[in-house]
Structures are given as C-alpha cells and as structure tokens.
Amino acid sequence: MYEGVVQDLIDELGRLPGVGPKGAQRIAFHLLAADPTDVRRLAEALVEVTVKVKFCKTCFNVSSEDHCRICRDPRRDPSVLCLVEEYKDVVAIERTREFRGRYHVLGGAISPIDGIGPEQLHIRELMVRLADGAVTEVILATDPNLEGEATATYLTRMLKPLGLRVTRLASGLPVGGDLEYADEVTLGRAFAGRRSADD
Amino acid sequence: MPLYRDEAVVLRTHKLGEADRIITLLSRRHGRLRAVARGVRRTTSRWGSRLEPFAHVDLQLAEGRSLDTITQAETLTPFGAGMGGDYQCYTAGTVMLETAERLVTEDKEPAVQQFLLLVGGLRAMTGGERQPGHVLDSYLLRSLAVAGYAPTFLHCAGCGLEGPHRYFNHAAGGVLCVTCRVPGSASPAPATILMMSALLTGDWNEVERLSTTEPRAEREATGIVSAYLSWHLERGLRSLPYVDRARREATPVGALLEDRFPVIPADG
Ligand SMILES: [Zn+2]
C-alpha cells in the first residue's frame, strides 16, 4: 500500500479493463516519473471525454455533436440501416469499408437474466425512425451469440410487418480456421447459409 | 491441477477481462459450478457456441484455487441452437435457467434431480410440441417440489382433508379447506387449481384441454405459480417479467433442434 493520492491513482487505474494490480502500479510509477505537462495533457483528455462525448440523437453512436459524422454525411445511403448492439460494432463494420448505409445502435442485446428487455434498448426510437418510410432495408448485425440471435429474432418479428427487407449477417466459419474445430451450431449455420460457388 | 469430468447445462455467463467468461453451470455430479472459460469471446474461439446458455455439454475441468477452469467441452445436446431463433422459448427458457441457479443454493453440492429435471424441461421446451408457457410453469412447479416446496392441490395443506378446496395460500404451501383458510388466501377458479395440478404431475392432455376451454384459468394459474415461486425465492427472478406468453400453433416434434438456423438469404 502507498500513501494517499498515489494509492488512489493505483486503485483508479486498476479498474480499467485489462489492467491488473501490477500493471496499475507500473502505470502509476510511470506517470509519477513523467513530465508533468504530458500527464496534465492526459488528464485533460480524460476530462474532455466526459464533457464532450455525446450520443448521436438519431442513431446513438458516440459523437462530439448532436448528430454523428455518419448521420451527417450526405453520401451515406439513407435507405439502408444497419442495427448493431454497441457503438464499438459501428467501428468494426466501418473498418470493413463494405457498408455505405447508416446505423442504429441498440445499446445492448435482450437478456432477461440481466434484466434487459426490449424496453431497455433503443427499439422505440428505431420504430420512430422507420416511420417516414425512407429506410427500405434493415440489416441485423447483432452479435452471433444467443442474446444477439434472440434480439434479431425479436426485431425481425417487429420489422417484417412494416414491409421492409430484413436481412441478417451471415454466420459461419471463421476465416483462417480449421473446419474440424468448428462447433456444431457454427457448422450447422454455415451449411444453412451456404451459397452458390459461382457467385 | 487435478482434472475432473462432468456433464452440465450452462445456466449463465459473465464477462471476465478482455476475452474470457465465467460460466455458471448445473452439473450432474457436482451440482452448481462456476468455472472460467478462456478466450471464449473471441470470434475465432475454439469453444464456439458450446459454452453459451442452454448448452448441454460434456466437460473437463481443472480445479483452481478460487475458480475451476474449463479445459474441454463437447456438445451433448445443442439446446441453445433453437432458442435464439424462437423468442418465446428464449424468454421462457431463460426463466428455467435462472430458477435452477436460484433453487440450487450451494456450489459443488450434488443436485442430480434438479439437473435431470432441467435437461428434461429443456428437451420439452425445444421439442416444439408444447406451449413454451406450459413447459415453463410445469418446470417451475416441479423444481420447487424437488427443492422441498411441493404445493398441494388436492389435500388441505393445513389438515390434510381431501378436496377439492377453494383457497390457495403460498405460505401454507397449497390449497386450504374452509376451516384452515387464513386471511390473505387466494380463491382461484376450480379450473385454475386443476390446471396447476396437471402442470405439476405433467398431465399434458389435461393441460391442453384446460388451456383451450378455460383460458382465464390458464392465466390465473400462471400468476399463482409465479407468485408461489417468488415467495420461496425471497427476491423475484429478473427474467420472469420478460416471458412472452402469446399462444401459438404447435410446431412439429424436434423442429426447433433440427431446423432452426434462421438464415435469411441476402437475396430474400
Ligand atoms: Zn448518428
């Protein structure tokens, strides 16, 4: 245990993801030895994040303004909407450069055991957003796990009656893996979602 | 680290660090277990869906100081495969998992009857023959019975007098006769008591008959079963309010397990 403020710093650092008690100490000592202006810049960046980062009023992506960069970009196709669980998923999909439409961040997946039902997600806002008919296709890009699947099932049931084209990201075998190590559900899906070899 | 093997159903998972999860299991020989699965959240993980809730798996575990670690997992029944594609089964099935976790109160204390009941319940849930709500209510009554809280639906819970009786009381543990009834007892419709009795004994023909002829009794039975469960668990289940109980057409036997990989083709 260290004295007052140093221990406080170690405790705070130790709460960050991926930082254990040893790592927290190492970072704390690094900061103590570093140039005070550098440390102050880090501190300011941390404070600024809490003040400046907001969530887009349309899609709930992180944003520094009322509307995020993607929602403001006129080159993005307004007729295709991609539904994701977290804003981290927006970043992941953007990195593929495959998608030119817009997003809607649900804020999680339906998980009754954690007390998360449809009302706890941004589904009501989604329905409002779809009301003007500008969106014609919805892509369900929830996680390929049980909760993500159940959320996609629920959303399909809500969206189909609106006459939208509803698609789901294909799930199947990870690129770079061996077939023999695939579990039965993954392999089963890969079979169900197989496509013609001359596409 | 000593290794051991067991058969288990995954009850729930918690994120741990960057890529791991703590998996809560109900096992055949070791009762409720918590174990770590390393790397399970990576999309290239070798575990795949094997350690997701509902999975019925054959496991190898390594004993650890605080938590054991899962070293191998093979699927016995992929109950989870159909659940994500069926919202009613998903919400009702989740209540079964949470109930099993709550009624088995000690880790590593054998609870083989609860284990067998859960596997049977999940089999019925994914079989597609019965209403998910019926499977759930039947499971809840039976798991309470295994835990020592079997409600009586014919004999008075106070004096043992044979019924049918009109009053039901959670604290008393079942129906009460006119003499034994206490203030605050419910007085459900006679068909409601028949419904609960049929759900407890697994008389599916009777359940189906009452469900079509006495829909009000069915709803009332569901309410009483939920209240009875909550009373015995002290605090309610988180998942219970989310159950989707709309009645639906029966799906063919085994439909959920065999044919539930709802992939929507891109040209659909
Ligand atoms: Zn936006």
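Because the structure is predicted, anything quoted here is derived from the model rather than measured. Throughout, residues of each chain are indexed from 1 in the direction in which the sequence is written. Here chains are named by letter from A upward and ligands by number from 1 upward, in the order in which they appear as written. Since the coordinates come from a predicted model, pLDDT governs what is reported: local features require at least 70, and pairs of side-chain atoms require 80 or more to be given and counted, while whole-chain, interface and lining totals use all residues. Water and hydrogen atoms play no part in the side-chain values, which are based on all heavy atoms of the structure.

Residues and elements named next belong to chain B. Here the limits of each domain have been adopted from an automatic or database domain assignment. For chain B, the domain assignment lists domain 1 (3-77) and domain 2 (86-245). Computed over C-alpha atoms only, the centres of domain 1 and domain 2 are separated by 29 Å. Should any heavy atoms of two residues lie within 4.5 Å, those residues are counted as being in contact. Each side of the interface is counted separately: domain 1 has 23 residues, and domain 2 has 23 residues. Carbon and sulfur atoms make up 62% of the area that domain 1 and domain 2 hide from each other, which totals about 1800 Å². Of all residues in domain 1, L26, R32 and F54 give up the largest surface area on contact with domain 2, accounting jointly for 40% of the area buried on that side. Salt bridges are defined as contacts in which a side-chain nitrogen from Lys or Arg sits within 4 Å of a carboxyl oxygen from Asp or Glu. Where domain 1 touches domain 2, the interface holds 5 salt bridges. The partner of R32 in a salt bridge is D107, with the nearest N and O atoms 2.7 Å apart. As used in this structure description, the phrase polar contact means that two N or O atoms lie within 3.5 Å; if the pair is within protein, one of them must be able to donate a hydrogen and the other to accept it, and residues adjacent in sequence are counted only when both atoms belong to side chains. Summed over the shared surface of domain 1 and domain 2, the result is 9 residue pairs in polar contact (both at pLDDT 80 or more). Joining two parts hides part of their accessible area as seen by a 1.4 Å probe, and the buried area is that hidden amount summed over both.

Moving on, we come to the sheet that holds strand β6 (residues 165-168) of chain A. Residue and element names in this part refer to chain A. In space, the 4 strands of this open sheet follow the order β4-β3-β5-β6, with parallel pairing throughout. Across the chains shown, the open sheet's two edge strands, defined by having one partner strand only, are β4 (102-105) and β6. Strand-to-strand, the axes of this sheet are offset by a mean angle of 25°, without reference to chain direction. One bridge is not enough; two strands pair if DSSP finds at least two bridges between them. Starting at the N terminus, helices and strands are each numbered in turn, a helix being any DSSP run of H or I of at least four residues and a strand any DSSP run of E of at least two. Where strand β3 (residues 80-84) lies against strand β5 (residues 137-140), 4 bridges are found, and the strand directions are parallel. Within β5, the residue paired with L81 across the bridge is V138. Axis definition: a line fitted to C-alpha atoms, limited for helices to the stretch in contact. Angles are taken between N-to-C directions and run from 0 to 180 degrees. Docked against the sheet, helix α5 (residues 87-96) engages β3 and β4, running at close to 155° with respect to β4. Against the sheet, helix α6 (residues 123-130) contacts β3, β4 and β5, and its axis sits at roughly 150° relative to β4.

So, on to the confidence of the model for chain A. Confidence scores here are pLDDT values: one per residue, from the predictor, ranging 0 to 100. Residue-level pLDDT values for chain A average 90, and 97% of them are 70 or greater. Of all secondary-structure elements in chain A, the lowest mean pLDDT belongs to helix α8 (residues 184-192) of chain A, at 79, while β4 of chain A reaches the highest, 98.

Below, the discussion takes up the environment of L26 of chain B. All names here are of chain B. Inspection of the secondary structure puts L26 in strand β2 (residues 20-27). Taking the relative accessible area as the measure of exposure, L26 reaches 0% and is therefore buried. Along the backbone, L26 and G223 are 197 residues apart, and their C-alpha atoms lie at a distance of 27 Å. Beyond its immediate chain neighbours, meaning those up to four positions away, L26 contacts E7, A8, V9, L11, G31, R32, A100, V104, Q114, F115 and L118. Throughout this description, buried means an accessible area under 20% of the type-specific maximum (1.4 Å probe, protein chains only), exposed means over 50%, and partly exposed covers the range between.

Here chain A is described as being made up of domain 1 (76-168) and domain 2 (172-199). The straight-line distance from the C-alpha centre of domain 1 of chain A to that of domain 2 of chain A is 24 Å.

Any two side chains of opposite charge can pair, on the condition that their charged atoms come close. For the coordinates displayed, the defined rule picks out 22 salt bridges over all chains. Here D66 of chain A ties to K54 of chain A by a salt bridge, and the two come within 3.7 Å at their closest N and O atoms. With a gap of 12 residues between them, D66 of chain A in the loop between β2 (62-63) and α4 (69-72) and K54 of chain A in strand β1 (residues 54-55) connect regions that are remote in the sequence. Where salt bridges share partners, they join R12, R32, R34, E101 and D107 of chain B into one cluster.

A separate point is the environment of L116 of chain B. Residue and element names in this part refer to chain B. As for its placement among the helices and strands, L116 is situated in helix α3 (residues 112-127). Judged by relative accessible area, L116 falls into the partly exposed class, the value being 43%. Residues L116 and S66, spaced 50 residues apart in sequence, show a C-alpha to C-alpha distance of 27 Å.

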